[in-house]
Amino acid sequence: MRQGLALRGHRDSGPISFESECPYVNEGNFRAILKYKAKDLASFKEFLESKNRYKYTSSNIQNQIISSCGDLILEKIVSEINTSECFSILADETTDVSLKEQLTLCVRFVTGTGKNVYLREVFLKYIVIHSLTGKDIASSIINGLNSCGIDCSKMVGQGYDGASNMAGHVKGTQTIVSENFPKAIYVHCAAHSLNLAVSAACDIRSIRNCLGIVEKMYCFFNTPKRQDMLLSEIEESDFNPKSKSLKRLCATRWVERYSAIHDFVELYSCVVSALDKISEWKDSTATDANILSKSMDSDFFVSLQELFGYGLPICKLLQKVELDLKEAVDLAEVTVTSTQCLRDNIEQEEFNKMFREAEKMADVVGASISIKRQNKINKNRPNLCIDNITPEKYYRITIAISFIDSFIEQLNERFLKHKNILKGFGCLFSKPFTEEFDKLVQYYLDTDLQIVTAELLLWHTKLERNKEEPKNALEALRLCNNEIFPNIHRLIKILCTIPVSTATPERTFSCLKRLKNYLRSTMTETRLNGLTMLAIHGDVPLTAEEVVDDLAKKPRKLDFIL
């Protein structure tokens, strides 16, 4: 079950037969494993073949075992959460194969003591929701936490995407949850913020058209006959590319979008050759191939260069569980600084390299990078005089600089809220003290401000004397002694717990697709949650004795013997 495999078969009821002459029937993985195990254990085979009424192989007992396994794992996780001083909730929703809206509920908390503390983001359960209003989602989240046995008074953070029903400040989920638990501050998923920043920067017409053409290329070659033509061109080429096909441009994940662009650039010469050969076919496909070939112009070649890669490193780092809000803001500032450095040097060597690569790509199709003819009145074009201007300078101004300036502006704007949340916590790492720290103490701690201030001075003195400079909250938490600095320790733990991204809830959707597919679309929610707990939490120990003991506690007329 922990491998996420299907257990049930088409016909998995009735007695288990070991006769070799009987026709093969798909009885499912569960009964197949029982038969395989019975080959080595004669007593087990005899038990399965006996006329004993109670063999514990029916679908009902199977569901009960799965449910007990899930409950035991959940009980262990909840025990860790309640032991921690604070936690944050992470939630997202998706539609499963049976067209049910599934709300995935996850929790972020700190576990361990001393130098062995670490961050965990764990899945709790799926909740079927019938309404996507902020009020109904908030009720589902709170009721879901209570049903798991979690002490909601320890909630200090909420992590969702930026949808209006989740992030709305009037009737959004985060507002309604905050009314019940005022200390649970909302943080917009940093990975979503970055994706929105890059998407807004790509709204320049030339870049938007370039991405659209790459998407059309994927759709065009996404048929067996055309894909075979592309593969044959790849095999006949002089180089050995890592990718063998084009990828789709994902609308919500910038990492996947960058990979699609990178693969297209790598396979560009093969794509051009395939389009040329397809354009000679005697059908309508030839027209489409010819249109795609002609769509690759000067704007396309320049827009296709490595401008897209500057947001890639931070995009990958923002999906890590160990990342805290301080480190996320630092990464955003580093990205802005490096991008600004590129902007300052764009007129020297940086864009010249990109322009030369664009010229090489244009040579493949026998074209040259030139400035397009402009009408006298064209509001969609940059207001730039093209008299006595080189193509390199023109595209540097209209595409490269426009993209970089927009990207920097969007990053600063979308990570401003994250910086505002971090203002008070910044005093834990460096002086001087600010008014935000005073508000932070009043918000989270029921302690005299002077005591916390004195404790903070001692904390900074310790760091300076030992020459320790923690880069993130988790490192600071490992250095902070809970007995000497109890208030500072709690504030650092809260900073660790505040969510950064909703990558963990989105990862559970991958598990949902594996467990609940078109062959198993009618399973109950209890079975789904049990299977998901077993598949995701493979690190949580679970023994057969524990499962049998849990089943024995339930009111039944059967005797469980291990």
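Definitions and cut-offs
Residues numbered from 1 in each chain as written. Predicted model: local features only at pLDDT ≥ 70, side-chain atom pairs only at ≥ 80, totals over all residues. Heavy atoms only, no water. Helix = DSSP H or I, 4+ residues; strand = E, 2+ residues; numbered from the N terminus. Contact = heavy atoms within 4.5 Å. Areas by Shrake-Rupley, 256 points an atom, 1.4 Å probe, with all protein chains shown as cover. Lys, Arg positive; Asp, Glu negative; His and termini not counted. Charge placed at Lys NZ, Arg CZ, Asp CG, Glu CD. Core = buried A, V, L, I, M, F, W, Y, C linked by side-chain atoms within 4.5 Å. Buried < 20%, exposed > 50% of the residue type's maximum accessible area, 1.4 Å probe, protein only. Phe/Tyr/Trp six-rings, centres within 6.5 Å; stacked < 30°, edge-to-face > 60°. Lys NZ or Arg CZ within 6 Å of the ring centre and 35° of its normal. Expected span 1.5 Å × (residues − 1). Pairing = 2+ DSSP bridges. Salt bridge = Lys/Arg side-chain N within 4 Å of Asp/Glu carboxyl O. Axes fitted to C-alpha atoms, helices over the stretch in contact; angles between N-to-C directions. Parallel < 35°, antiparallel > 145°, perpendicular 65-115°, else oblique. Left-handed = near helix turned anticlockwise from the far one by under 90°. Nonpolar A, V, L, I, M, F, W, Y, C, P; charged D, E, K, R; others polar. Polar contact = N/O pair within 3.5 Å; in protein donor to acceptor, adjacent residues only side chain to side chain. Patch = residues over 30% accessible without salt bridge, like charges linked within 9 Å, V, L, I, M, F, W, Y side chains within 5 Å.

J.: Could you clarify how one ought to interpret the overall build of the chain in this entry?
T.: When you go through the chain residue by residue, the secondary structure sums to 25 helices and five strands. Based on the C-alpha atoms only, the size of the chain along its principal axes is roughly 95 × 80 × 45 Å. For the chain, long-range pairs separated by at least 24 residues make up 69% of all intrachain contacts whose partners lie at least 6 apart in sequence. Summing over all exposed atoms, the chain offers an accessible surface of approximately 29300 Å²; the carbon and sulfur share of this is 51%. Looking at charge distribution, the chain has the averaged site of its 72 positive side-chain charges lying 3 Å from that of its 73 negative ones.

J.: Got a minute to help me understand the nonpolar core in this structure?
T.: Soluble globular proteins tend to pack their nonpolar side chains together in the buried interior. Grouped together as the largest cluster of nonpolar side chains are 72 residues, with contacts concentrated most on Phe264 and Leu318. For this core, the element with the most residues is helix α17 (residues 391–414), which contributes ten residues. The next biggest cluster of nonpolar side chains, apart from the first, holds 51 residues, and it includes Ala138, Ile142, Leu145 and Met533.

J.: Can you walk me through the environment of Asp299 in this structure?
T.: Note that Asp299 resides in helix α13 (residues 298–303). Residues Asp299 and Ile207, spaced 92 residues apart in sequence, show a C-alpha to C-alpha distance of 7.9 Å.

J.: I keep staring at the packing of aromatic side chains and nothing clicks. Help me out?
T.: Between two aromatic rings, the relevant description is the distance of the centres plus the angle of the planes. Within the structure shown, the criterion is met by 13 aromatic pairs. Consider the rings of Phe351 and Phe355, whose centres lie 6.1 Å apart with planes at 40°: the pair is tilted. Of this pair, Phe351 and Phe355 both sit in helix α16 (residues 346–364), four residues apart, which is roughly one turn of the helix. Exposure remark for Phe351: the relative accessible area of 2% places this residue in the buried category. An aromatic cluster of at least three residues, connected via ring pairs, comprises Phe264, Tyr268, Phe300 and Phe301. Looking at Lys225, its charged tip hangs above the ring of Trp281, at a distance of 4.5 Å from the centre. In this arrangement the basic side chain of Arg226 is found over the ring face of Phe220, its NZ or CZ atom lying 4.6 Å from the centre.

J.: What should I look at first to understand helix α22 (residues 486–497) in this one?
T.: Helical geometry: 3.6 residues make up each α-helical turn, so side chains three or four residues apart lie on a common side. Compared with an ideal rise of 1.5 Å per residue, which puts twelve residues at 16 Å, α22 spans 16 Å between its outermost C-alpha atoms and is within 8% of the ideal. Counted residue by residue, α22 has ten buried out of twelve residues, so it is predominantly covered. Turning to α22, its buried residues are Asn487, Ile488, His489, Leu491, Ile492, Lys493, Ile494, Leu495, Cys496 and Thr497.

J.: Sorry, what's going on with the pairing of strand β2 (residues 101–111) here?
T.: Looking down a regular strand, the side chains alternate between one sheet face and the other. Counting buried residues along β2, ten of its eleven residues qualify, which places the element largely inside the surrounding structure. Hairpin connection, strand β1 (residues 87–95) to β2: the antiparallel pair is bridged by five residues, and Leu99 has positive phi, about 65°. As consecutive antiparallel partners, β2 and strand β3 (residues 118–129) are separated by six residues, and within that stretch Gly112 has a phi angle of approximately 95°, a positive value.

J.: Can you walk me through the pairing of strand β5 (residues 185–188) in this structure?
T.: Both faces of β5 are covered, namely the face carrying Ile185 and Val187 and the face carrying Tyr186 and His188. Summarising the sheet, strand β4 (residues 155–160) and β5 pair through four bridges and their orientation is parallel. Paired with Tyr160 across the bridge in β5 is His188.

J.: How do you make sense of helix α6 (residues 173–180) when you look at a structure like this?
T.: Taken as a whole, α6 has its buried residues at Thr173, Gln174, Thr175, Ile176 and Val177. On its buried face, α6 sits against α4 (134–148), β4, α5 (164–167) and β5.

J.: Can you help me understand the pattern of salt bridges in this one?
T.: Side chains bearing opposite charge may pair, as long as their charged atoms lie close to each other. In total, this model carries 17 salt bridges according to the counting rule given. Between Lys516 and Asp96 there is a salt bridge, with its nearest N and O atoms 3.0 Å apart. Of the two residues, Lys516 sits in the loop between α23 (503–515) and α24 (525–536) while Asp96 sits in the loop between β1 and β2, which places them 420 residues apart along the sequence. Assessed through its relative accessible area of 8%, Asp96 is described here as buried. Residue Glu392 is joined to Arg356 by a salt bridge in which the shortest nitrogen-to-oxygen separation is 3.7 Å. One end of the pair, Glu392, is in helix α17; the other, Arg356, is in helix α16, and 36 residues separate them in sequence. One continuous salt-bridge network, built from bridges that share partners, spans Glu80, Arg120 and Asp539.

J.: Is there a simple way to explain the packing of helix α19 (residues 435–444) against helix α20 (residues 449–465) in this structure?
T.: How two helices pack is summed up by the angle between their axes together with the distance between the axes. One way to put it is that α19 packs onto α20 with a least axis distance of 10 Å and a crossing angle of 120°. The angle between α19 and α20 places the two elements in the oblique class. Seen along the crossing, α19 lies across α20 with a hand that is right-handed. Residue-level contacts link Phe437, Asp438 and Val441 of α19 to Leu449, Val452 and Leu456 of α20. Within the contact of α19 with α20, the residues separate by chemical class into five nonpolar, no polar and one charged.

J.: Mind showing me how you'd approach the environment of Gly172 here?
T.: Mapping Gly172 onto the fold places it in the loop between α5 and α6. Residues in contact with Gly172, not counting those within four places in the same chain, are Gly134, Ser164, Asn165 and Met166.

J.: Looking at this model, I keep getting lost on the side chain of His537. Mind explaining?
T.: Within the secondary structure, His537 sits in the loop between α24 and α25 (544–553). Here the side chain of His537 touches Phe123 through a polar contact of 2.9 Å, landing on its backbone oxygen. Beyond its immediate sequence surroundings of up to four residues, His537 is in contact with Arg2, Ile73, Ile77, Val122, Phe123 and Thr532.

J.: Can you help me understand a nonpolar patch on the surface in this one?
T.: On the surface, Val97, Tyr518 and Leu519 cluster together to form a nonpolar patch covering roughly 380 Å² of accessible area. Relative to the assigned elements, Leu519 resides in the loop between α23 and α24. Assessed through its relative accessible area of 67%, Leu519 is described here as exposed.

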